[in-house]
Amino acid sequence: METFVIFNKYKRRPIPEELLKGDNRSDEGVIEFFIKKYTKEGDNVIDIFAGLGTTLFIAEEMNRIPYGVELEEERFTFVKKNLKHSNNIFLGDSRKLSEYDIPHCDFSFSSPIFMNKTETVNPLSGFTTDGDYDQYLREIGLVYKNLKEVMKPNSVIVIEASNLKNSGVLTTLAWDICSEVSKIFRFEGEVIVVWDIPGMEFPNGAFGYGYDHHYCLIFRNM
Ligand SMILES: C[S@@+](CC[C@H](N)C(=O)[O-])C[C@H]1O[C@@H](n2cnc3c(N)ncnc32)[C@H](O)[C@@H]1O
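Note that the structure is predicted; figures quoted are calculated from it, not measured.

(A) Just the layout of surface pockets, in detail. Approximately 1,000 Å³ is the volume found for the largest pocket. For the lining of the largest pocket, the secondary-structure elements that each account for two or more residues are helix H1 (17-20), helix H3 (54-61), strand E3 (65-70), helix H4 (73-82), strand E8 (151-161) and strand E9 (164-166). The class makeup of the residues in the lining of the largest pocket is 21 nonpolar, 13 polar and 15 charged.

(B) Seen up close, the site of the ligand. Close to the ligand lie 22 residues, the nearest being Ser26, Leu52, Thr54, Glu70 and Arg75. A distance of 2.7 Å separates an oxygen atom of the ligand from a polar atom in the side chain of Arg75. Taking Leu124, its main chain carries an N or O atom lying 3.0 Å from a nitrogen atom of the ligand. For the ligand, the accessible surface in isolation is 610 Å², of which the surrounding protein chains cover 97%. The cavity where the ligand resides is the largest pocket. Partitioning the shell around the ligand into residue classes produces nine nonpolar, eight polar and five charged.

(C) Local environment of the pairing of strand E1 (residues 4-7). In E1, alternate side chains face the same way, and those of Val5 and Phe7 are buried while those of Phe4 and Ile6 on the opposite face are not. Direction of pairing for E1 relative to strand E11 (residues 186-195): parallel, over a ladder of four bridges. When the bridges of E11 are listed, Ile6 appears paired with Val194.

(D) Focus on the nonpolar core. Formed by 36 residues in total, the largest nonpolar core has its most connected members in Ile46, Ile102, Tyr136, Tyr144, Leu147 and Ile177. Put simply, the parts of the chain that give this core at least two residues each are E3, helix H5 (133-150), E8, helix H6 (173-181) and strand E12 (213-220). In contact with Ile102, other than residues within four places in its own chain, are Ile46, Tyr67, Val69, Phe90, Leu97 and Val150. Membership of the second largest hydrophobic core comes to 22 residues, among which are Val5, Phe34, Phe109 and Val193.

(E) How the structure looks around the pairing of strand E2 (residues 44-47). Of the two faces of E2, the one carrying Asn44 and Ile46 and the one carrying Val45 and Asp47 are both buried. Where E2 meets E3, four bridges bridge the pair, whose relative direction is parallel. Among the inter-strand pairings, Asn44 is bridged to a residue of E3, identified as Ile65. With respect to chirality, the unit in which E2 leads through H3 into the neighbouring parallel E3 is right-handed.

(F) Here's a closer look at the sheet that holds E8. With respect to topology, eight strands assemble into an open sheet ordered E1-E11-E12-E8-E5-E2-E3-E4, the strand pairing being mixed. Since the sheet does not close on itself, it has two edges, and those belong to E1 and strand E4 (89-91), each with one partner. Pairs of neighbouring strands in the sheet enclose a mean axial angle of 20°, with direction left out of account. Helix-sheet contacts for helix H2 (residues 28-38) involve E1, E2, strand E5 (105-110), E8, E11 and E12, and the interaxial angle to E5 is about 160°. Packed onto the sheet, H4 meets E3 and E4 and runs at close to 155° relative to E4.

Conventions and cut-offs
- Residues numbered from 1 in each chain as written.
- Predicted model: local features only at pLDDT ≥ 70, side-chain atom pairs only at ≥ 80, totals over all residues.
- Heavy atoms only, no water.
- 1 Å grid on protein atoms, 1.4 Å probe; cavity = no way out; pocket = protein on both sides within 12 Å on 5 of 7 lines; lining within 4 Å.
- Points joined across faces, edges and corners; volume = space filled by probe spheres on them.
- Helix = DSSP H or I, 4+ residues; strand = E, 2+ residues; numbered from the N terminus.
- Nonpolar A, V, L, I, M, F, W, Y, C, P; charged D, E, K, R; others polar.
- Near = heavy atom within 4 Å.
- Polar contact = N/O pair within 3.5 Å; in protein donor to acceptor, adjacent residues only side chain to side chain.
- Areas by Shrake-Rupley, 256 points an atom, 1.4 Å probe, with all protein chains shown as cover.
- Sits in = over half its atoms within 2 Å of the grid points.
- Buried < 20%, exposed > 50% of the residue type's maximum accessible area, 1.4 Å probe, protein only.
- Pairing = 2+ DSSP bridges.
- Core = buried A, V, L, I, M, F, W, Y, C linked by side-chain atoms within 4.5 Å.
- Contact = heavy atoms within 4.5 Å.
- Right-handed = clockwise from strand over helix to strand, strands pointing away.
- Axes fitted to C-alpha atoms, helices over the stretch in contact; angles between N-to-C directions.

Right, here's the structure in full:
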């Protein structure tokens, strides 16, 4: 399998003006690439950090059955309104995944909300509670432990994440998530993703976090 891929970072799906602020959607090409690689038509695909629904919409387009959980109500409402399988998106907290009626899934793609190590508010609570980076990593572990209950044996779990550089502070987020989730699933390697957009430069990295590349971490449910 390739360990380095280049995409042109396209987001075909229009989203309402009010949701554009803080648009942290995943690249559609990246998701298509992994769904094609690891699933077949009719398979159940889950994203436990559903966001604006990119994984779910693409899974549906590719005749897979999408499932997702999203904490933010506005985002959830947008996905629910536009997804054909509208009952398959749950408004809620992936730290409590067992509360939702989700069948066993064949594949998971997710991009967790990021945190840098100097922050003191927990992004996994929708920024409503205090919390430090160690707690964040523990809770990321809890989320993926919950996910294990939902995944079929031998299924593949892809996590998209980047390391971060903010104001001179380096957070090895992707590597730390990898190490946490490796306690739960077998780590099978990473694919480095970069974007090639003619005429576009990323002076502060493609995510605005100081890096031009990110990782898709591949795990297997063994
Ligand atoms: C990086 S975004 C995911 C973007 C998504 N891949 C897309 O293309 O739209 C992370 C999402 O996780 C959601 N989130 C954060 N904490 C959560 C939690 N505890 N449970 C479920 N969703 C959560 C955030 O509201 C955000 O929409």
